[in-house]
Amino acid sequence: METRKVFVAGHSGLVGSATLRALSGDPRLQVLTRTHAELDLEDRGATRAFLLDERPDHIVMCAAKVGGILANSNEPVDFLHRNLGIQLSVFDAAYEAGVDRMIFLGSSCIYPRDCPQPIKEEYLLTGPLEATNRPYALAKIAGVESCWAFNRQYGRRFLAVMPTNMYGPGDNFHAQNSHVLPALIRRFHEAKVRGDPSVTVWGSGTPRREFMFSSDIGDAIAFLLALPDPQFTHLTRPEQAPLINIGVGEDVTIREVAERIRATVGYRGELAFDASKPDGTPRKLLDVSRMSELGWKASTDLDTGLRAAYAAYLQHHAS
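This is a predicted model, so every value here is computed, not measured.

Student: Can you walk me through the nonpolar core in this structure?
Tutor: Across soluble globular proteins, you tend to see nonpolar side chains buried next to one another. The biggest cluster of nonpolar side chains holds 41 residues, and the ones touching the most others in it are Phe 7, Leu 41, Ile 59, Ile 110, Tyr 111 and Leu 243. For this core, the elements supplying multiple residues, two or more each, are strand E1 (4–9), helix H2 (44–54), strand E3 (58–61), helix H4 (76–96), strand E4 (101–105), helix H5 (134–154) and strand E5 (157–163). In terms of nonpolar packing, the next biggest core, distinct from the first, is built from 27 residues, Leu 14, Ala 18, Ile 217 and Phe 232 among them.

Student: How do you make sense of the sheet that holds E3 when you look at a structure like this?
Tutor: Across a sheet, strands are paired by hydrogen bonds formed along the backbone, either parallel or antiparallel in direction. Spatially, E2-E1-E3-E4-E5-E10 is the arrangement adopted by the six strands of the open sheet, whose pairing is parallel. The open sheet terminates on both sides in strands that have one partner only, identified here as strand E2 (29–32) and strand E10 (243–246). Strand after strand, the sheet turns through a mean of 20° between neighbouring axes, direction not considered. Note that E4 and E5 share five bridges and pair parallel. Paired with Arg 101 across the bridge in E5 is Arg 157.

Student: Is there a simple way to think about the packing of helix H6 (residues 180–194) against helix H11 (residues 302–316) in this case?
Tutor: Geometry of a packed helix pair, given as the angle between the helix axes and the separation of the axes. Contact geometry of H6 with H11 gives a least axis separation of 11 Å together with a crossing angle of 60°. When the axes of H6 and H11 are compared, the crossing they make is right-handed. Across from Leu 181, Ile 185, Arg 186, His 189, Glu 190 and Lys 192 in H6, the residues of H11 making contact are Leu 306, Ala 309, Tyr 310, Tyr 313 and Leu 314. Taken together, the residues that form the contact of H6 with H11 break down as seven nonpolar, one polar and three charged.

Student: Could you clarify how one ought to interpret the pattern of salt bridges in this entry?
Tutor: Should the charged atoms of two oppositely charged side chains come close, the side chains can pair. One pass over the full model with this rule turns up 27 salt bridges. Note that Asp 274 and Lys 277 form a salt bridge whose closest N and O atoms lie 3.1 Å from each other. Take Lys 277: its relative accessible area is 29%, and that puts it in the partly exposed class. Here the salt bridges do not stand alone but share partners, grouping Arg 4, Asp 57, Asp 100, Arg 101, Arg 157 and Asp 229 into one network.

Student: Mind showing me how you'd approach the environment of Ala 71 here?
Tutor: Looking at where Ala 71 falls in the secondary structure, it is placed in helix H3 (residues 69–74). On a C-alpha basis, the gap between Ala 71 and Thr 132 in space is 9.5 Å, while along the polypeptide they are 61 residues apart.

Student: Help me out: how do you make sense of the environment of Glu 75 in this one?
Tutor: Here Glu 75 is to be found in the loop between H3 and H4. The class for Glu 75 is partly exposed, based on a relative accessible area of 24%. For the pair formed by Glu 75 and Gly 45, sequence separation is 30 residues and the distance between their alpha carbons is 26 Å.

Student: Just checking my understanding: could you explain the pairing of E4 for this structure?
Tutor: Two faces, one strand: in a regular strand the side chains alternate between the faces of the sheet. Here E4 lies mainly inside the structure; five of its five residues are buried. Of the two faces of E4, both are covered, the one formed by Arg 101, Ile 103 and Leu 105 as well as the one formed by Met 102 and Phe 104. Inspection of the sheet shows E3 paired to E4 by four bridges, in the parallel sense. Its bridge partner being in E4, Ile 59 is matched across the sheet by Met 102. The parallel pair E4 and E5 is bridged by H5, and the resulting crossover is right-handed.

Procedures and definitions
Residues numbered from 1 in each chain as written. Predicted model: local features only at pLDDT ≥ 70, side-chain atom pairs only at ≥ 80, totals over all residues. Heavy atoms only, no water. Core = buried A, V, L, I, M, F, W, Y, C linked by side-chain atoms within 4.5 Å. Buried < 20%, exposed > 50% of the residue type's maximum accessible area, 1.4 Å probe, protein only. Helix = DSSP H or I, 4+ residues; strand = E, 2+ residues; numbered from the N terminus. Pairing = 2+ DSSP bridges. Axes fitted to C-alpha atoms, helices over the stretch in contact; angles between N-to-C directions. Left-handed = near helix turned anticlockwise from the far one by under 90°. Contact = heavy atoms within 4.5 Å. Nonpolar A, V, L, I, M, F, W, Y, C, P; charged D, E, K, R; others polar. Salt bridge = Lys/Arg side-chain N within 4 Å of Asp/Glu carboxyl O. Right-handed = clockwise from strand over helix to strand, strands pointing away.

Shown next as structure tokens:
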């Protein structure tokens, strides 16, 4: 049985850790990881030396600077430049090291703010982006274009996957800089502990969002890496952007997810919304028909995922 090397870049994050769990049980794979202290992926020389030495067959590119609306608003330079730096470093070194397959993790924020729903892959670059996370989105769009450019110019097989909003073990639960779902888990828990009479959520509560549990994205990446050569080659053919959505195919309002988190945490106070704060994109629901046609679908329902995410928060973050 032939063993293939897979480098999971950014293995300690939400997506990376889920990918690591999904791949580690496959005896056909030798999984490589490096912490940020061991390898700074923005260091092009160090990244090149590592990949030329290890020569992995596959790379799963999960490494990125990520955050919620507040972090994106406060640190636009970091979200643009650091993500571009990581991507340029890894893409160039992967090509030079002869990497056979690479899966690049993007974000659903690459799509226009007001595009038709559900969002198909071909809607990329058909309208203006959401202003609150435009620098991050532009960096990720550059990653998609890099995949396509390497496939066209050098015959590579680099695939960009666009996951919907994710949550679960390994998430960032920072009170200000995290995404909406982990931030709400923390805020409801702390309000419960303090006995606060109410919790206020940013925005009107009306935007709709799709949420996918992290183990499902790990499973989807493992599924794509294991595709037979003809199918993977078809996904990365030069005449089409190598882009595929990964999601659950249904969405909920921010109000509904806040109410379900409140119930999961066991908080009994009031729920309020501050409509003076930004809502972000009105709706983001991905069209996942391409993954469905390949034979994959998400398996974790929202309530099951919320219970697991809250348990992870209690274990690793709650004081």
